[in-house]
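Spelled out, the chains give:
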Amino acid sequence: MRYLPHTDEEIRDMLAVIRRGSLDELFCSVPDSCRYEGEMPLPPAMDEWQLTEHMEILAAAMAVDDKARVLIGAGSYHHHIPETIRAIISRGELLTAYTPYQPEMAQGTLQGIYEYQTLTSRLLGMDVANASIYDGASAMAEALLMGLRVAKKKTRVAVSAAVHPHYRQVARSYLAPTGYELVELPVGPDGRTDPALLSSLGDVAAVAIQSPNFFGVIEDLEGLASLVHDAGALLIAVFSEPLAYGLLKSPGACGADIACGEGQSFGMPRSLGGAALGMFACRNEFVRNMPGRLVGQTKDLEGKRGFVLTLSTREQHIRREKATSNICSNQGICTLIASMYMASLGASGLAELARLNHSKAEYLKSGLRVAGAKVVFSAPTFNEFVVEFPGDFRPAYQRLLERKIVAGLELGRFYAEHAGRYLFCVTETTDRKTLDAIVAEVNS
Amino acid sequence: MKEFDELLFNEEFRYTEEHEWVSVGGAELMVGISDYAQDQLGDIVFVEMPEVGATFARGEQFGTLESVKAVSELYLPVGGEVVAVNEALGDSPELINQDPYGAWIVKIKPSDTAELEQLLNAESYRNMLRG
Amino acid sequence: MSAVTIPGASGIIQNEPLLWEKGGKGRRGMCVPASDVPVAELPAALCRDELDFPELSEVDVVRHYTRLSQWNFGVDSGMYPLGSCTMKYNPKINEKVAATPALAAAHPMLPDELVQGSLQVMYELQSYLAAITGLPAVTLQPAAGAHGELTGMLIFAAWHKSRDSRRTKILIPDTAHGTNPASAALCGFKPVPIRSGPEGILEVAAVEAAMDEETAGIMITNPNTLGLFETRIREIAEIVHAKGGLVYGDGANMNAVMGIIDARRCGVDVLHLNLHKTFSTPHGGGGPGAGPLCVSEELARFLPAPRAVRDGELYRLDWGGPDSVGRVHAFHGNVSVLLRAYAYIRTMGPANLKKASQLAVLNAAYIKERLKGTLPLAYDRPCMHECVFSDALLQEHKVTTLDVAKRLIDCGYHPPTIYFPLVVHGAIMIEPTETECKADIDQFIAVLEQIVGEAAENPELLRQAPLRTKVRRLDETLAARQPCLCGS
Ligand SMILES: Cc1ncc(COP(=O)(O)O)c(C=O)c1O
């Protein structure tokens, strides 16, 4: 086996040194009653070429593959990924290292994360970003718990019903055994979170609002922020499409106290929803309540700039049950991917790409409107929007699917009141021809 | 780390077994940590202090000290109300390392000065450390 | 010095500024497609001021990260015996498998019939992990070991609630990883530390004394973080079960016992695996990992949903029932990591997986035996995949564990895990893994022997180390006192 370097002779020699007669004898401390009986029922070993062939068969079983046009976002977006990312990220020095516990031999990882923290803070208009949380959903759950820690005595949090349904489910899972209560804020007819309830919320520690929200609608974060702050709560700005902030006013500028969400759009493939990146940032005054790792700048013995993990007393390996979170391994390399992506685009590139996404989505939106579909929400959207078709859309959806176009996501599974309505996402990867084909199919 | 005979003590103060000290006399008492405690903890990087006006019972936790790789909880030697916190420690937590008996952390108005009697004096604290 | 070959040597170390200290306005490192639609405007009130991002060309970006990578050390660079982390070789074919275009492009919200390939991988991986652990029901959602622990604790809470038993405490040995108490606390359980006995493992009596009807169960790492097998695990499990509790197994150290122990037979009800350790997926400078959770038949109904199931010829997602603790991940977990682990298991097969565990233990036992005259062993008992030494001898020379670690860097090795587990003073925890060959291990041993010799003869060499890296020792006190977490 090519990963196991020991020759039989070496095994014999090593066993002799430790005075064992066989490899089995190494496990003399394992009682018989704990032993595995027989061989593990697993398929036999494959060589590299058999595995490659096997993967080709699995790939062929994908009715929707990488050639298909998938007009679904809903938390996982199809954006072009530059070849530079694949090339750099495959470098073993970065990929096969672990958490930079020994900073002198991990300056690459550490500077890379520090740069990620900085670009993320600038994008989101916050003071400090951490070195990642697992994904957008757990980032929001952690933010809600952080809000409760900051508020100390309060026991309730509020989350907009326009936050990604899966993120809300994860928050409920996290809060279930804690005794904390999660209340949901309704969505108004324009697709934005209804602010009416905010003033009567009472004692909530934090309010989570996603923008652009699950329906693609850009929330009035600024307006909400003042209401949330008047209620004595923290505003958590959530996102699943960070590209929007190439164009939109940042959560920090709108008054958010914590900004968190999913970073997959920045250079990571959809890959059935992972591995990607939970982005997490906040204002300086809350840094000691923050979950997750942080990299800080410092100096070495000779006064040279260098980077280390810092403020670790918040973390589980030091504070154990009193830690701000249980997170240990995070999404590591994905932070480097995201900052490579942000740096490769630069300020103007990010703005241009965001504008292109918005323009393409608006193009399809108006095409569908002309074809008789109703745009369900009146508030501005970014690269996703919800439509209702005059008749049954399913036959058209099927015909498009045969042409390898996946025309949106039906919302009944997530919101009973929106059954039969479709959430569309258009990014730079979909060309005008495809958009026209969808409109033509609705017309026919 | 210091050898035993390098450790400093303030002969006027009272001590707890958790290595806090408290000054004696006057309406307001200062509370800090001993030279031994700061030496064990190493470079202190952060002091978490209570709010002025908060009250604590004797032995209750009123704050924490952090070094780079450890956290140490602070317990009040005698119960009472916090009347001042040492703001200077916010920017310069190293003051505790530099002058543990000068760098008080909080001042308290004790609710019952009799509690002082139950604390160690410098001599018995020294003996306790010596083992 | 001359007797041993030291891999460490200074190469070319280039300077490289921070991203925003280079580049020039107007540069671009990535294509943005030309627009084929009319420009749409957003209301100005919603739009941001210009973003303060650097502008770089493609060459700027590639050189930047290439230089950064050269300041780094990974398993591909050399031996990385970081205890409790299983830094084994990460096969290259796994990367190709994870990047299989049709699978990498799969959208997580597509109907089941459109993503059969992805669902088949999930279904099969679930069944492989069940086979390896002996625990039949598996969720792949947890994104890391700690996330698996949290999911396990959610299941503990839900199971007790379903039986109307209100339990507030949980038993956790003092050798446990910090994530254990942190995960338990997140679910409202108060950790009760259990001291390990003089042999470095849990004693039945200690558990018996602590286990009561207010305790939800116990979290046991086996092999434990001292690299020792918890031989009394079955009796301990029986005590916990008899008092109405559950047994959580932290399977982070599974690399020692694949095909050797059966977690179910050990009495474990819930167990997480760290795919980024045992199943060879790269650690990525901190992640992503994957921490699937395996549970007994009885607890299957509490698992997060959805899970992949097989319906005749079709694979589909099963959305669970009312007892499920709910989702813990936005979608299906770190699927690209799952794919790598899948590739590894298919490549190894059952016999090689078992052999890997045997060789991992052989390597650790060999290091323990050869070094125990050089450094004091924390516990001189048969070890599993790692061995732990203390700093008792180093103290005599006024040299610390940290100094030894830093000197190892100059010699071309990643240091072992240090100062953990907490029960060993100045712990040095060495986990070589099975992918290191005898010659490399012999060399590592020789280098450590040399360093211990230097500790006596030339301790300054250790205290000053490392000397050959991009930076010398860094001021962590400064970093924490005046946090600078964001560039200006
Ligand atoms: C014994 C043990 N348990 C749990 C964990 C946590 O795993 P992760 O870092 O994947 O969250 C670790 C990781 O180092 C570990 O060594």
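Cut-offs used in this document
Residues numbered from 1 in each chain as written. Chains lettered and ligands numbered in written order. Predicted model: local features only at pLDDT ≥ 70, side-chain atom pairs only at ≥ 80, totals over all residues. Heavy atoms only, no water. Helix = DSSP H or I, 4+ residues; strand = E, 2+ residues; numbered from the N terminus. Rg over C-alpha atoms; globule rule 2.2 N^0.38 Å. Contact = heavy atoms within 4.5 Å. Buried < 20%, exposed > 50% of the residue type's maximum accessible area, 1.4 Å probe, protein only. Areas by Shrake-Rupley, 256 points an atom, 1.4 Å probe, with all protein chains shown as cover. Lys, Arg positive; Asp, Glu negative; His and termini not counted. Charge placed at Lys NZ, Arg CZ, Asp CG, Glu CD. Pairing = 2+ DSSP bridges. Axes fitted to C-alpha atoms, helices over the stretch in contact; angles between N-to-C directions. Near = heavy atom within 4 Å. Polar contact = N/O pair within 3.5 Å; in protein donor to acceptor, adjacent residues only side chain to side chain. Nonpolar A, V, L, I, M, F, W, Y, C, P; charged D, E, K, R; others polar. Buried area = accessible area lost by both parts, 1.4 Å probe. Salt bridge = Lys/Arg side-chain N within 4 Å of Asp/Glu carboxyl O. Parallel < 35°, antiparallel > 145°, perpendicular 65-115°, else oblique. Left-handed = near helix turned anticlockwise from the far one by under 90°. Domains from an automatic or database assignment. 1 Å grid on protein atoms, 1.4 Å probe; cavity = no way out; pocket = protein on both sides within 12 Å on 5 of 7 lines; lining within 4 Å. Points joined across faces, edges and corners; volume = space filled by probe spheres on them. Phe/Tyr/Trp six-rings, centres within 6.5 Å; stacked < 30°, edge-to-face > 60°. Core = buried A, V, L, I, M, F, W, Y, C linked by side-chain atoms within 4.5 Å.

K.L.:
Whenever I open this one, the overall build of chain B confuses me. Can you help?
P.N.:
Assigned secondary structure in chain B consists of four helices and 10 strands. Along chain B, helices and strands appear, N-terminal first, in the series β-β-β-α-β-β-β-β-β-α-α-β-β-α. Taking 14 Å as the expected radius of gyration for a compact globule of 131 residues, we find that chain B reaches 14 Å, a close match to that expectation. Across its three principal directions, the C-alpha atoms of chain B cover 35 × 35 × 20 Å. In chain B, the proportion of contacts linking residues at least 24 apart, taken out of those at least 6 apart, comes to 63%.

K.L.:
How should I be thinking about the overall build of chain A in this particular structure?
P.N.:
Across its full length, chain A holds 13 helices and 15 strands. With respect to the principal axes defined by its C-alpha atoms, chain A has extents near 80 × 55 × 50 Å. For chain A, the residues scored as buried account for 67% of the 444 residues in total. For chain A, the proportion of contacts with a sequence separation of at least 24, taken over those separated by at least 6, is 71%. With the model as given, the accessible surface of chain A reaches about 14100 Å², and the carbon-plus-sulfur share is 50%. If you average the places of the 43 positive and of the 51 negative side-chain charges in chain A, the two averages end up 6 Å apart.

K.L.:
I keep staring at the sheet that holds strand β3 (residues 190-194) of chain C and nothing clicks. Help me out?
P.N.:
Remark on secondary structure: sheet strands pair via backbone hydrogen bonds, oriented parallel or antiparallel. All names here are of chain C. The seven strands are arranged β1-β7-β6-β5-β4-β2-β3 in an open sheet whose pairing can be described as mixed. Strands with a single pairing partner mark the edges of an open sheet, and in this sheet they are β1 (137-139) and β3. Here the strands of the sheet are splayed against their neighbours by 25° on average, with no regard to which way each runs. Here strand β6 (residues 270-273) pairs with strand β7 (residues 293-295) via three bridges, running antiparallel. The residue bridging V270 from the neighbouring strand is V295, located in β7.

K.L.:
Please explain the site of the ligand as it appears in this structure.
P.N.:
Lining the immediate environment of the ligand, one finds 16 residues, of which S329 of chain A together with S84, G145, D250 and K277 of chain C sit closest. Neighbouring residues of the ligand are not confined to one chain but are distributed across chains A and C. With respect to the ligand, the side chain of S84 of chain C contributes an N or O atom lying 2.5 Å from an oxygen atom. Here H276 of chain C contributes a side-chain N or O atom positioned 2.8 Å from an oxygen atom of the ligand. The fraction of the free accessible surface of the ligand (390 Å²) that becomes covered by protein chains is 99%. Every element with two or more residues in the shell around the ligand is listed here: α5 (145-162) and α9 (275-278) of chain C. The biggest single contributor to the shell around the ligand is α5 of chain C, with three residues. Residue composition of the shell around the ligand, grouped by class: five nonpolar, eight polar and three charged.

K.L.:
Sorry if this is basic, but what is going on with the interface of chain A and chain C here?
P.N.:
How big an interface is tends to be expressed through the accessible area that disappears when the partners come together. Each side of the interface is counted separately: chain A has 186 residues, and chain C has 200 residues. At the boundary of chain A with chain C, total buried surface from both sides reaches about 16900 Å², with 66% on carbon and sulfur atoms. Across the contact surface, chain A and chain C share nine salt bridges. Residue E21 of chain C is joined to R305 of chain A by a salt bridge in which the shortest nitrogen-to-oxygen separation is 2.8 Å. At the boundary of chain A with chain C, the tally comes to 87 residue pairs in polar contact (both at pLDDT 80 or more).

K.L.:
Help me understand the side chain of K470 of chain C, please; the structure alone is not making it clear to me.
P.N.:
Structurally, K470 of chain C can be placed in the loop between α14 (459-464) and α15 (476-481). An unpaired buried charge is present at K470 of chain C: no salt bridge exists, and D300 of chain A, the closest side chain of opposite charge, is 7.9 Å distant. Among residues more than four places away in sequence, those in contact with K470 of chain C are K304 of chain A together with I13, Q14, N15 and W71 of chain C.

K.L.:
Just to check I follow, could you spell out the packing of helix α11 (residues 333-370) of chain A against helix α13 (residues 432-443) of chain A for this structure?
P.N.:
Helix-helix packing is described using two parameters, namely the angle between the two axes and the distance between the axes. All names here are of chain A. Two numbers describe how α11 lies on α13: the axes approach to 9 Å, and their chain directions differ by 20°. With respect to their mutual orientation, α11 and α13 come out roughly parallel. As α11 packs across α13, the resulting crossing turns out to be right-handed. Seen from α11, the contacting residues are K360, Y363, L364, G367 and L368; seen from α13, they are R432, L435, D436, I438, V439 and V442. Class assignment of the residues belonging to the contact of α11 with α13 gives a composition of seven nonpolar, one polar and three charged.

K.L.:
Please explain the domain arrangement of chain A as it appears in this structure.
P.N.:
Residues and elements named next belong to chain A. Domain parsing of chain A yields domain 1 (69-81 + 347-443) and domain 2 (84-341). Computed from C-alpha coordinates alone, the two centres of domain 1 and domain 2 are separated by 28 Å. With 32 residues of domain 1 in contact, the opposing surface of domain 2 contributes 36 residues. Surface buried jointly by domain 1 and domain 2 totals about 2800 Å² across both partners, of which 66% is contributed by carbon and sulfur atoms. The tally of links from domain 1 across to domain 2 stands at zero salt bridges.

K.L.:
It is not clear to me how the layout of surface pockets should be interpreted in this structure. Could you clarify?
P.N.:
A water-sized probe, rolled over the atoms, reveals where empty space remains. Estimated volume of the second largest pocket: approximately 1800 Å³. What lines the second largest pocket is a set of 49 residues, among which R149, K152, N289 and R319 of chain A together with E48 of chain B lie closest to the centre. Elements with a minimum of two residues in the lining of the second largest pocket: α6 (136-151) of chain A, β4 (44-48), β6 (61-67) and β7 (71-75) of chain B together with α6 (179-186) of chain C. In terms of residues, the lining of the second largest pocket owes the most to one element, β6 of chain B, which gives five residues. A class-by-class count of the residues in the lining of the second largest pocket yields 23 nonpolar, 11 polar and 15 charged.

K.L.:
In this structure, what is going on with the packing of aromatic side chains? I would like to understand it.
P.N.:
Two aromatic rings are characterised by how far apart their centres lie and by the angle between their planes. Applying the stated rule across the entire model yields 32 aromatic pairs over all chains. Note on F389 of chain A and F393 of chain A: the rings are 3.9 Å apart at their centroids and 10° apart in plane angle, and the pair reads as stacked. We note that F389 of chain A, like F393 of chain A, is buried. For the ring pair Y413 of chain C and F444 of chain C, a centre distance of 5.2 Å and an interplane angle of 65° mean the geometry is edge-to-face.

K.L.:
What is the right way to read unusual backbone geometry from this model?
P.N.:
Across the junction of G287 of chain C and P288 of chain C, the peptide omega takes the value 0°, indicating a cis bond. You can see P288 of chain C is positioned in the loop between α9 and β7. Here the amide bond leading from F420 of chain C into P421 of chain C is cis, since omega sits at -5°, within 30 degrees of zero. The backbone of L272 of chain A shows a phi angle near 55°, a positive value even though the residue is not glycine. Mapped onto the elements, L272 of chain A comes out in the loop between β7 (258-262) and β8 (278-282). Backbone geometry places T433 of chain C, a non-glycine residue, at a positive phi of 70°. In this fold, T433 of chain C is placed in the loop between β12 (428-430) and α13 (438-457).

K.L.:
Quick question: what am I supposed to make of the nonpolar core here?
P.N.:
Nonpolar side chains in soluble globular proteins tend to be buried together. The biggest cluster of nonpolar side chains holds 242 residues, and the ones touching the most others in it are M140, L364, L368, F393 and F424 of chain A together with L129 and F279 of chain C. With 20 residues, the top contributor of residues to this core is helix α10 (residues 335-371) of chain C. Every residue in contact with F393 of chain A, bar those within four places of it in the chain, is listed here: L400, A407, Y422, F424 and V442 of chain A.

K.L.:
I tried to follow the interface of chain A and chain B on my own but got confused; where do I start?
P.N.:
Counting residues at the interface gives five residues for chain A, matched by nine residues for chain B. Taken together, both faces of the contact between chain A and chain B bury some 590 Å²; the carbon and sulfur share is 48%. Ranking the residues of chain A by area buried against chain B places R288, T313 and R319 of chain A at the top, with a combined share of 65%. Taken together, the links from chain A to chain B amount to three salt bridges. In this structure, R288 of chain A and E66 of chain B form a salt bridge, with 3.2 Å as the shortest nitrogen-oxygen distance. Put simply, chain A and chain B have four residue pairs in polar contact (both at pLDDT 80 or more) between them. Here the side of chain A that touches chain B is built from residues that sort into one nonpolar, one polar and three charged.

K.L.:
Where do I start with empty space enclosed by the protein in this structure?
P.N.:
One pass over the structure, following the stated rule, counts eight cavities of 30 Å³ or more. Taken as a whole, the largest cavity holds about 80 Å³ of empty space. If you go around the largest cavity, the residues you meet are I220, N222, I233, G249, D250, M254, I261, A263, C266, V268 and L271 of chain C. Residues belonging to the lining of the largest cavity are distributed by class as follows: eight nonpolar, two polar and one charged. Considering only enclosed or pocket space, the second largest cavity measures out at about 60 Å³ in volume. Lining the second largest cavity, in full, are R288, L309, T310, L311, S312 and T313 of chain A, V45, E66, S67 and V68 of chain B together with E476 and A480 of chain C. Of all elements in the fold, only β6 of chain B together with α15 of chain C reach the threshold of two or more residues within the lining of the second largest cavity. Residue composition of the lining of the second largest cavity, by class: five nonpolar, four polar and three charged.

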